Amino acid sequence: MSNDRPAPCKIKEIGGKRYRCYFELTLSVIGGKWKPIILYHLSLADAVRFGELRRGMPDVTERMLTRQLRELEADGLVHREVYREVPPRVEYSLTDMGASLIPILKQMQAWGVEYEDFLGGEGRFGEEGYERPPQSDTSQYFTS
């Protein structure tokens, strides 16, 4: 048994979150199926209305999208702006802290491209209706 293994960390608590390590803290904020996708969609525009988000993620329910947006807002990653007009208008945007996650999410996306290739998907999903891989060179993140 190696002595280089880290010892279990003590539990920290801050801002209503309990965690032992920074991975756990990060995943408590952005973990789950929808939060990274919501953050990515919000990064594509200055402000996005609820309906636009919903159309961009057709498999998410309204209830789940509302819940995830509220959690992201409570965690300080998303700003919700309510306009007092008829009909009422609500727009969502990234805070500076939320925007700081975008490079990490793009690296996760690049890893997904590489993993899809690893699974044999390269060229399989090229027709319309499939997500196009980012045009940047992703090889910097991976070694053979």
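1. Some thoughts on the pattern of salt bridges
Here comes step 1: All chains considered together, the criterion is met by six salt bridges.
Here comes step 2: The residue Glu 71 makes a salt bridge to Lys 35 at a minimum N-O spacing of 2.7 Å. In this pair, Glu 71 sits in helix H4 (residues 62-74) while Lys 35 sits in helix H2 (residues 35-43), placing the two residues 36 residues apart along the sequence.
Here comes step 3: We classify Glu 71 as partly exposed; its relative accessible area is 28%.
Here comes step 4: For Lys 35, a relative accessible area of 3% gives the class buried.
Here comes step 5: Here Arg 89 makes a salt bridge to Glu 85, at a shortest N to O gap of 3.0 Å.
Here comes step 6: For Glu 85, a relative accessible area of 36% puts it in the partly exposed group.
Here comes step 7: Three or more residues joined by partner-sharing salt bridges are found here, namely Lys 35, Arg 67 and Glu 71.

2. A few points about the pairing of strand S5 (residues 89-94)
Note on strand geometry: in a regular strand, side chains alternate between the two faces of the sheet.
Here comes step 1: The sheet contact formed by strand S3 (residues 48-49) and S5 spans two bridges and is antiparallel. Bridge pairing in S5 places Arg 49 opposite Glu 91.
Here comes step 2: Turn length for the strand S4 (residues 78-83)-S5 hairpin, with the two strands adjacent in sequence and antiparallel, is five residues.

3. Some thoughts on the side chain of Gln 68
Here comes step 1: Take Gln 68: it is sitting in helix H4.
Here comes step 2: Those residues within four positions of Gln 68 in sequence are excluded, and the remaining contacts are Trp 34, Lys 35 and Ile 38.

4. Description of helix H6 (residues 102-118)
Here comes step 1: Between its first and last C-alpha, H6 extends 24 Å over 17 residues, near the 24 Å set by a 1.5 Å rise per residue.
Here comes step 2: Among all positions of H6, only Ile 102, Leu 105, Ala 110 and Val 113 are buried. Down the axis of H6, the buried set is contained in an arc of 145°. They therefore lie on one face.
Here comes step 3: Considering only its buried residues, H6 is in contact with H2, S5 and helix H5 (96-99).
Here comes step 4: In the stretch just after H6, Gly 120 is the one whose phi turns positive, near 95°.

5. Overview of the layout of surface pockets
Here comes step 1: Estimates place the volume of the largest pocket at around 830 Å³.
Here comes step 2: In this structure, the largest pocket is lined by 27 residues; those nearest its centre are Gln 109, Val 113, Glu 131, Arg 132 and Pro 133.
Here comes step 3: No other element matches H6, which puts nine residues into the lining of the largest pocket.
Here comes step 4: Among the residues forming the lining of the largest pocket, the class breakdown is 11 nonpolar, six polar and 10 charged.
Here comes step 5: Approximately 200 Å³ is the volume attributed to the second largest pocket.
Here comes step 6: Lining the second largest pocket, in full, are Leu 25, Thr 26, Val 29, Ile 30, Asp 75, Leu 77, Met 97, Ser 100, Leu 101 and Ile 104.
Here comes step 7: If you tally residues by element for the lining of the second largest pocket, the top one is helix H1 (residues 22-30), at four residues.
Here comes step 8: Its residues assigned to classes, the lining of the second largest pocket comprises seven nonpolar, two polar and one charged.

Basis of the calculations
Residues numbered from 1 in each chain as written. Predicted model: local features only at pLDDT ≥ 70, side-chain atom pairs only at ≥ 80, totals over all residues. Heavy atoms only, no water. Salt bridge = Lys/Arg side-chain N within 4 Å of Asp/Glu carboxyl O. Helix = DSSP H or I, 4+ residues; strand = E, 2+ residues; numbered from the N terminus. Buried < 20%, exposed > 50% of the residue type's maximum accessible area, 1.4 Å probe, protein only. Pairing = 2+ DSSP bridges. Contact = heavy atoms within 4.5 Å. Expected span 1.5 Å × (residues − 1). Arc of directions from axis to C-beta. 1 Å grid on protein atoms, 1.4 Å probe; cavity = no way out; pocket = protein on both sides within 12 Å on 5 of 7 lines; lining within 4 Å. Points joined across faces, edges and corners; volume = space filled by probe spheres on them. Nonpolar A, V, L, I, M, F, W, Y, C, P; charged D, E, K, R; others polar.

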